[in-house]
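Residue-level structural notes
Read off the chains here:
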Amino acid sequence: MMGVEVCLLPDWAAQRRGMVNTQLLGRGIRDARVLRAMGEIPREEFVPAGLRPMSYQDDPVPLGDAQTISQPYMTALMAQELELTGTETVLEVGAGSGYAAAVLGALARRVVSIDIVPAMAQLARQNLRRTARDGNVTVLEGDGSLGCAEMAPFDAISVAAGTLEVPAALLDQLGDPGRMVIPVGPRDDQELRVVLKSGGRVESRFSTLCRFVPLRGGEGWS
Ligand code: SAH
């Protein structure tokens, strides 16, 4: 009998294209660089092995320890709101899987991503190295609610955990001009806010409703 080999490996590239078309383009993500980066970066490599089939679903993916990789649309929207051109130094607070850091790394000159949970910093570092996305992305372990004074100022800051108020340290470490995206509000429901610093003035505007895990640490939830 002739054997027929059937390859049941998922077609990740096709799933990724589907995500870009339906979840991102379909909902108004227009920044071509964001669309290209998310069309190239293998999100499945940042998803825990047992959950890979969820890689391109329209949902956050659990990372363990009550943390999640944000929904693809949210990662795209945050990146788009930062209006990166490729010259910026970016601080990310909440490295998690390292996926958003990889996306930001494709859009900016340099990314510093910090996580307060040592195991998460480790996970992000491993995933970034495995996917060769660690060239311009550094993962640090520490309390990102206090920013990273040694490397400030930052042209852009992306905060991937929710807080009641914009931490003063982050506002301080935001360059002028600078842009920050941050989920602000009570534990269970926040608004994504875009904070703009320019000419010594700070303005902020609403972007979308959202729900992030709590920002811990000195200027976060205790
Ligand atoms: N951007 C990540 C998802 C982040 S989930 C991704 O793409 O996968 C939120 C992360 O914020 C968690 O890993 C959590 O440990 C981290 N976190 C919470 N409070 C923090 C703080 N004060 N400083 C740094 N990281 C923090």
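Now for a description of the structure that goes with this document. (Residues numbered from 1 in each chain as written. Predicted model: local features only at pLDDT ≥ 70, side-chain atom pairs only at ≥ 80, totals over all residues. Heavy atoms only, no water.)

1. Focus on unusual backbone geometry
With omega at 0°, the peptide bond leading from A152 into P153 counts as cis. Inspection of the secondary structure assignment puts P153 in the loop between β5 (137-141) and β6 (154-159). Backbone torsion omega between D176 and P177 reads 5°, so that peptide bond is classified as cis. For P177, the position within the fold is in strand β7 (residues 174-184). Its identity as a non-glycine residue notwithstanding, D65 has a phi of 60°, on the positive side. Structurally, D65 can be placed in the loop between β1 (61-64) and β2 (67-69). A relative accessible area of 47% places D65 in the partly exposed class. Positive phi, normally seen in glycine, also occurs at E83, with a value near 50°. Note on placement: E83 falls in the loop between α3 (72-81) and β3 (89-93). (Helix = DSSP H or I, 4+ residues; strand = E, 2+ residues; numbered from the N terminus. Buried < 20%, exposed > 50% of the residue type's maximum accessible area, 1.4 Å probe, protein only.)

2. Comments concerning the site of the ligand
Taken together, 26 residues sit near the ligand, with S97, D115, D143, G144 and R216 positioned nearest. The contact in question runs from an oxygen atom of the ligand to an N or O atom on the side chain of D115, over 2.7 Å. The backbone of G144 places a nitrogen or oxygen atom 2.7 Å from a nitrogen atom of the ligand. The protein chains hide 99% of the 580 Å² of surface that the ligand would expose on its own. If you list the elements that add at least two residues to the shell around the ligand, you get β2, β3, α4 (99-107) and β4 (110-115). Broken down by element, the residue count for the shell around the ligand peaks at three residues, all from β2. (Near = heavy atom within 4 Å. Polar contact = N/O pair within 3.5 Å; in protein donor to acceptor, adjacent residues only side chain to side chain. Areas by Shrake-Rupley, 256 points an atom, 1.4 Å probe, with all protein chains shown as cover.)

3. Considering a nonpolar patch on the surface
A contiguous nonpolar surface patch, about 390 Å² in accessible area, is contributed by V4, V6 and L8. By the element assignment, V6 lies in the segment before α1 (12-24). Given a relative accessible area of 64%, V6 falls into the exposed group. (Patch = residues over 30% accessible without salt bridge, like charges linked within 9 Å, V, L, I, M, F, W, Y side chains within 5 Å. Salt bridge = Lys/Arg side-chain N within 4 Å of Asp/Glu carboxyl O.)

4. Here's the deal with the nonpolar core
Membership of the largest hydrophobic core comes to 47 residues, with the highest contact counts inside it found for L24, I29, M38 and L84. What L24 contacts, discounting residues up to four positions off in sequence, is M19, I29, L35, M38, P72, Y73 and A76. In terms of nonpolar packing, the next biggest core, distinct from the first, is built from 17 residues, V159, M180, V195 and L215 among them. (Core = buried A, V, L, I, M, F, W, Y, C linked by side-chain atoms within 4.5 Å. Contact = heavy atoms within 4.5 Å.)

5. A word on α1
Since the α-helix advances by 3.6 residues per turn, residues separated by three or four positions end up pointing in the same direction. For α1, built from 13 residues, the straight-helix expectation of 18 Å at 1.5 Å per residue is met to within 8% by its first-to-last C-alpha distance of 17 Å. Residues of α1 that are buried sit in contact with α2 (32-40) and α3. (Expected span 1.5 Å × (residues − 1).)

6. Some points on the packing of aromatic side chains
Following the criterion strictly, the structure yields two aromatic pairs and no others. Between W12 and Y56, the ring centres sit 6.1 Å apart and the planes meet at 50°, which makes this aromatic pair tilted. Here Y56 lies in the loop between α2 and β1 and W12 lies in helix α1, a separation of 44 residues in the sequence. Above the plane of the ring of Y73 lies R27, whose end atom (NZ or CZ) is 5.4 Å from the centre. The ring of W221 has R187 sitting right over it, with the charged end atom 4.7 Å from the ring centre. (Phe/Tyr/Trp six-rings, centres within 6.5 Å; stacked < 30°, edge-to-face > 60°. Lys NZ or Arg CZ within 6 Å of the ring centre and 35° of its normal.)

7. Topic: the pairing of strand β8 (residues 190-198)
Note that β7 and β8 share seven bridges and pair antiparallel. Directly across from I182, in β8, lies its bridge partner R193. Bridging between β8 and strand β9 (residues 201-210) involves nine bridges; their strand directions are antiparallel. Across the sheet, the residue bridging to V195 is S204, located in β9. The antiparallel pairing of β8 with β9 creates a hairpin that spans two residues between the two strands, and G199 there sits at a positive phi of about 55°. (Pairing = 2+ DSSP bridges.)

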